[in-house]
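# Architecture and fold: a report
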Amino acid sequence: MIDLPDSDILPLSMRHSFWTWSAQSKVSPIPVKRALGVYFWDVNDKRYLDFNSMVMCVNIGHGDQRVIDAIIEQARQLPFAGPPMATKPRAILGQLLSQITPGDLDRFLFTLGGADANENAIKIARAYTGKHKILARYRSYHGASAGAMAATGDPRRLIWEPNLMPGVVHFLDPYRYRSTFHRTNSDISPTDFTLDYLNHLEEIITYEGPQTIAAILLETVTGTNGIIIPPEGYLMGVRQLCDRYGILLIADEVMSGFGRTGRWFAVEHWDIIPDLMTMAKGLTSGYAPLGAVAMRPQIADFFNDRVYQSGLTYNAHPISLAAAIANIQVMQEDRIVEHTAEMGPVLHRLLTDLGEQHPSVGEVRSIGLFGVIELVRNRQTKEPLAPYDGASPEMVAIRKYLLDHGLYLYSHWHTLLVIPPLIINQEQLEEGFALLDKALEISDQAIK
Ligand SMILES: Cc1ncc(COP(=O)(O)O)c(C=O)c1O
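Residues numbered from 1 in each chain as written. Predicted model: local features only at pLDDT ≥ 70, side-chain atom pairs only at ≥ 80, totals over all residues. Heavy atoms only, no water.

Summing up its helical and strand segments, the protein has 13 helices and 15 strands in all. Relative to its length of 448 residues, the protein is compact, with a C-alpha radius of gyration of 22 Å against a globular reference of 22 Å. By principal-axis analysis of the C-alpha atoms, the protein measures approximately 65 × 60 × 40 Å. Each of the 448 residues in the protein was classed as buried or not, and the buried ones make up 55%. Taking as baseline every contact in the protein between residues at least 6 positions apart, the subset at least 24 positions apart corresponds to 71%. For the protein, the distance from the average position of its 39 positive side-chain charges to the average position of its 50 negative side-chain charges is 4 Å. (Helix = DSSP H or I, 4+ residues; strand = E, 2+ residues; numbered from the N terminus. Rg over C-alpha atoms; globule rule 2.2 N^0.38 Å. Buried < 20%, exposed > 50% of the residue type's maximum accessible area, 1.4 Å probe, protein only. Contact = heavy atoms within 4.5 Å. Lys, Arg positive; Asp, Glu negative; His and termini not counted. Charge placed at Lys NZ, Arg CZ, Asp CG, Glu CD.)

Dropping the structure here:
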């Protein structure tokens, strides 16, 4: 390995890298040197508490030796075999996944990450149904490749239009705090609330024509667009609409899967089985790139005598598969899903307390270790602390305060997301919330 002084990591990275999701002159990366558990350190030994699992993916925590060893062992035995090959990690991972995924999902296409998992799910749904439209929600993110970006509802898609995959129709999310249908009737009963959004979806299905719709694609629990937790009955209602109209249901569990919500997969909370389910991130906890599409047997069987006309050089990469196997074993051995279910109420209490202390908190939501703080200028009007798809000096100042004080988290417009490694304990959560408590003094001053 070429040696490089720590002090050169940042300038040399800046000199030759082209950065994603960034204006190149505005990037300010942390020169990260090492990571362990729920923390990482930069080259100056400054410690950060990781409230974002790096990119919402390091579910088992950083630096787990068991996964590192599995990667090393796989690299020794067989670092690469092409996608047409049968390999030991492919055999083992498929079987493991069939045991932990819900219902009869038991065939898996292994991808490079989340976006291409969604791309493949869309292709499979279109081929299987012989229909072309995909319904997806506005408050969604499904990935940055052309098809996944077309399905994405949030404004990250807009700059690339109109050259994205055609055939996507968006619909509204059952987002209670900012409900489009209930601005003047916030007392609506949960049942009626759910029904209004299901009726809205059914109306769209009717107008678009069920005979043209291949699938409804949705994040089981919406991630970056605000940890929107589906109300009771909603997902079951969507499942029933799919069945009634011959439409497939694709659950995007790229962020909500692998224990994040306190179950292996978020769909389990609402007892539904999607026809296709996509995963990535927590599948390897980020130790190697991997995604997957889980499908029901009848969908896989459809391709028994038809060629599935797609694939990439690195599909089912042995090192990534080995990382996933070890990651799942760690989750099982350390009972990480159970731990997350126990920590969920702790996080919820901390979020609620924070909301009670700070008038700039409009609402908090969480499920498992998947939480959000919505910051507002006014609790009555719910005016967000930053505009939709924009920034504000207060949000910039909050982000800066947190980073300066060693708390790393993801903030999106007027929201702060709390998505820590699932091994986090109460003390570590409290450590982060003590900093959040201080940081929100900034937003409290912006209250009108
Ligand atoms: C819900 C969801 N789907 C898909 C993706 C895309 O995954 P990837 O970045 O691995 O392509 C993401 C990434 O954040 C995601 O949150």
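From this point, the discussion proceeds with the structure in view.
What follows is about the environment of Met149. You can see Met149 is positioned in helix α6 (residues 146-151). A C-alpha to C-alpha distance of 18 Å links Met149 and Ser310, two positions 161 residues apart in sequence. In this view, Met149 contacts Trp21, Gly143, Ala144, Arg156, Arg157, Trp160 and Leu164; residues no more than four positions away in its chain are not counted.

With 103 residues, the main nonpolar core has Phe51, Leu97, Ile216, Phe258, Met279, Ile373 and Leu436 as its most contacted residues. For this core, the element with the highest residue contribution is helix α10 (residues 318-333), accounting for nine residues. When residues no more than four places from it in sequence are discounted, the contact partners of Met279 are Leu97, Thr101, Phe108, Ala117, Glu253, Val254, Phe258, Phe265, Gly291, Ala292 and Ala294. Listed in part, the 24 residues of the second largest apolar core include Ile134, Leu248, Leu276 and Val293. (Core = buried A, V, L, I, M, F, W, Y, C linked by side-chain atoms within 4.5 Å.)

Surrounding the ligand, one finds Gly113, Gly114, Ala115, Asn118, Tyr141, His142, Gly143, Glu219, Asp252, Val254, Met255 and Lys281. Take Lys281: an N or O atom from its side chain is 3.1 Å from an oxygen atom of the ligand. Here the shell around the ligand gets three residues from one element, more than from any other, and that element is helix α5 (residues 114-129). Classifying every residue of the shell around the ligand by side-chain character gives four nonpolar, five polar and three charged. (Near = heavy atom within 4 Å. Polar contact = N/O pair within 3.5 Å; in protein donor to acceptor, adjacent residues only side chain to side chain. Nonpolar A, V, L, I, M, F, W, Y, C, P; charged D, E, K, R; others polar.)

A few words on the sheet that holds strand β14 (residues 410-412). One open sheet holds the four strands; their spatial order is β11-β12-β15-β14, and the pairing between them is antiparallel. Each edge of the sheet is formed by a strand with only one pairing partner; in this case those strands are β11 (361-367) and β14. On average, adjacent strands in this sheet sit at an angle of 20° to one another, irrespective of strand direction. Alignment of β14 against strand β15 (residues 415-418), held across three bridges, turns out to be antiparallel. If you follow His412 over to β15, its bridge partner there is Thr415. (Pairing = 2+ DSSP bridges. Axes fitted to C-alpha atoms, helices over the stretch in contact; angles between N-to-C directions.)

Turning our eyes to something else, we now look at the pattern of salt bridges. Once the charged atoms of two side chains with opposite charge are near each other, the side chains can pair. Under the counting rule described, the total for this entry stands at 27 salt bridges. Between Glu383 and Lys448 there is a salt bridge, with its nearest N and O atoms 2.8 Å apart. Pair noted here: Glu383 is in the loop between β12 (370-375) and α12 (393-404) and Lys448 is in the segment after α13 (426-444), with a separation of 65 residues, a long-range link. Several salt bridges converge on common partners, so that one network encompasses Asp104, Arg239, Asp243, Asp275 and Arg296. (Salt bridge = Lys/Arg side-chain N within 4 Å of Asp/Glu carboxyl O.)

Here we come to the sheet that holds strand β4 (residues 107-111). Spatially, β4-β10-β9-β8-β7-β5-β6 is the arrangement adopted by the seven strands of the open sheet, whose pairing is mixed. A strand with exactly one partner marks an edge of an open sheet, and here the two such strands are β4 and β6 (168-171). Each adjacent strand pair in this sheet contributes to an overall mean axis angle of 20°, direction not counted. Relative to strand β10 (residues 291-295), strand β9 (residues 276-279) is paired through four bridges, and the arrangement is antiparallel. Note on β10: the bridge partner recorded for Thr278 is Val293.

A few words on a nonpolar patch on the surface. On the surface, Phe80, Leu112, Leu312 and Tyr314 cluster together into a nonpolar patch covering about 370 Å² of accessible area. You can see Phe80 is positioned in the loop between α3 (65-77) and α4 (88-100). Classification of Phe80 by relative accessible area gives partly exposed; the value is 37%. (Patch = residues over 30% accessible without salt bridge, like charges linked within 9 Å, V, L, I, M, F, W, Y side chains within 5 Å. Areas by Shrake-Rupley, 256 points an atom, 1.4 Å probe, with all protein chains shown as cover.)

What follows covers the side chain of Ser443. Mapped onto the elements, Ser443 comes out in helix α13. On the accessibility criterion, Ser443 (0% relative accessible area) is buried. Once you skip the residues sitting within four places of it in the chain, Ser443 turns out to touch Ser360, Leu375, Leu385 and Ile398.

What follows concerns the side chain of Asp252. When you line up the elements, Asp252 lands in strand β8 (residues 248-252). Here Asp252 sits buried without a salt bridge, and the closest side chain of opposite charge, Lys281, lies 9.0 Å off (N-O distance). For Asp252, the side chain forms a polar contact with the side chain of His142, separated by 2.8 Å. Of the polar contacts made by the side chain of Asp252, one reaches the backbone nitrogen of Val254; its length is 2.9 Å. Beyond its immediate stretch of four places on either side in the chain, Asp252 contacts Asn118, Tyr141, His142, Leu217, Leu218, Glu219, Thr220 and Thr278.

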